[in-house]
Amino acid sequence: QVQLVESGGGLVQAGGSLRLSCAASGRTFSRYSMGWFRQAPGKEREFVATINSGGGSPYYADSVKGRFTISRDNAKSTLYLQMNSLKPEDTAVYYCGASRFPVPMSFERGKYDYWGQGTQVTVSS
């Protein structure tokens with residue numbers, strides 16, 4: 001069992017930056033690929049980024065490539081998402097998830113076993 005808690009969301013102006021964190025409980029964090037997804041109002045949850053269990057092979061959605069960076073610290077059981085050059089279209093609730101599947105399979109929403117409760121990111125124009 002893995003419990004995930006996101007933090008770091010907030011309101012930021014376009015062009016600004018935020019760093020999201022996802023703290024995991026349990027001793028098995030390092031066994032899972034991890035991912036970030038987001039859901040805007042009226043839209044389905046969409047893939048943002050994923051990283052394999054050892055911290056390698058980061059994989060990004062085209063919409064965030066070059067602006068977002070996913071990373072993890074297995075010693076701290078924490079996943080991160082550094083978001084730079086934010087745009088109004090990045091506004092959404094951001095969720096972290098844990099997957100038994102390796103990258104790039106872990107870009108699929110259905111491949112996730114555990115989800116956090118989400119953190120709101122709002123980018124004003």
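On a predicted model such as this, the values are computed, not experimentally measured, just so you know.

1. Some remarks on the overall build of the chain
Each helix and strand in the chain was counted, giving 0 helices and 11 strands. Seen in sequence order, the chain has helices and strands lined up from the N terminus as β-β-β-β-β-β-β-β-β-β-β. Here the C-alpha radius of gyration of the chain, 13 Å, is about what a compact globule of 125 residues would show, namely 14 Å. Seen along its three principal axes, the alpha-carbon backbone of the chain occupies a region of about 40 × 25 × 25 Å. For the chain, buried positions account for 45% of its 125 residues. Counting only contacts in the chain whose residues sit at least 6 apart along the sequence, the fraction spanning at least 24 positions is 59%. Accessible area of the chain: about 6300 Å², with a carbon and sulfur share of 46%. In the chain, the 14 positive side-chain charges and the 9 negative ones have mean positions that sit 6 Å from each other.

2. Examining unusual backbone geometry
Looking along the chain, the bond that leaves Val103 and enters Pro104 is cis, with omega of 5°. Relative to the helices and strands, Pro104 resides in the loop between strand 9 (92-99) and strand 10 (112-115). Despite not being glycine, Ser57 shows a phi value in the positive range, around 50°. Checked against the element boundaries, Ser57 lands in the loop between strand 5 (46-51) and strand 6 (59-60). The backbone phi angle of Ser77 is positive, close to 50°, even though this residue is not glycine. Examined against the element boundaries, Ser77 turns out to sit in the loop between strand 7 (68-73) and strand 8 (78-83).

3. With respect to the nonpolar core
Residues Leu4, Met34, Trp36, Leu79, Leu81, Met83 and Tyr94 are the most contacted members of the largest nonpolar core, which totals 33 residues. Elements represented by at least two residues in this core include exactly strand 3 (18-24), strand 4 (33-39), strand 5, strand 7, strand 8, strand 9, strand 10 and strand 11 (119-124). The contact partners of Leu81, leaving out residues within four places of it in the chain, are Leu18, Arg19, Leu20, Trp36, Val48, Ala49, Phe68, Thr69, Ile70 and Tyr94.

Calculation notes
- Residues numbered from 1 in each chain as written.
- Predicted model: local features only at pLDDT ≥ 70, side-chain atom pairs only at ≥ 80, totals over all residues.
- Heavy atoms only, no water.
- Helix = DSSP H or I, 4+ residues; strand = E, 2+ residues; numbered from the N terminus.
- Rg over C-alpha atoms; globule rule 2.2 N^0.38 Å.
- Buried < 20%, exposed > 50% of the residue type's maximum accessible area, 1.4 Å probe, protein only.
- Contact = heavy atoms within 4.5 Å.
- Areas by Shrake-Rupley, 256 points an atom, 1.4 Å probe, with all protein chains shown as cover.
- Lys, Arg positive; Asp, Glu negative; His and termini not counted.
- Charge placed at Lys NZ, Arg CZ, Asp CG, Glu CD.
- Core = buried A, V, L, I, M, F, W, Y, C linked by side-chain atoms within 4.5 Å.

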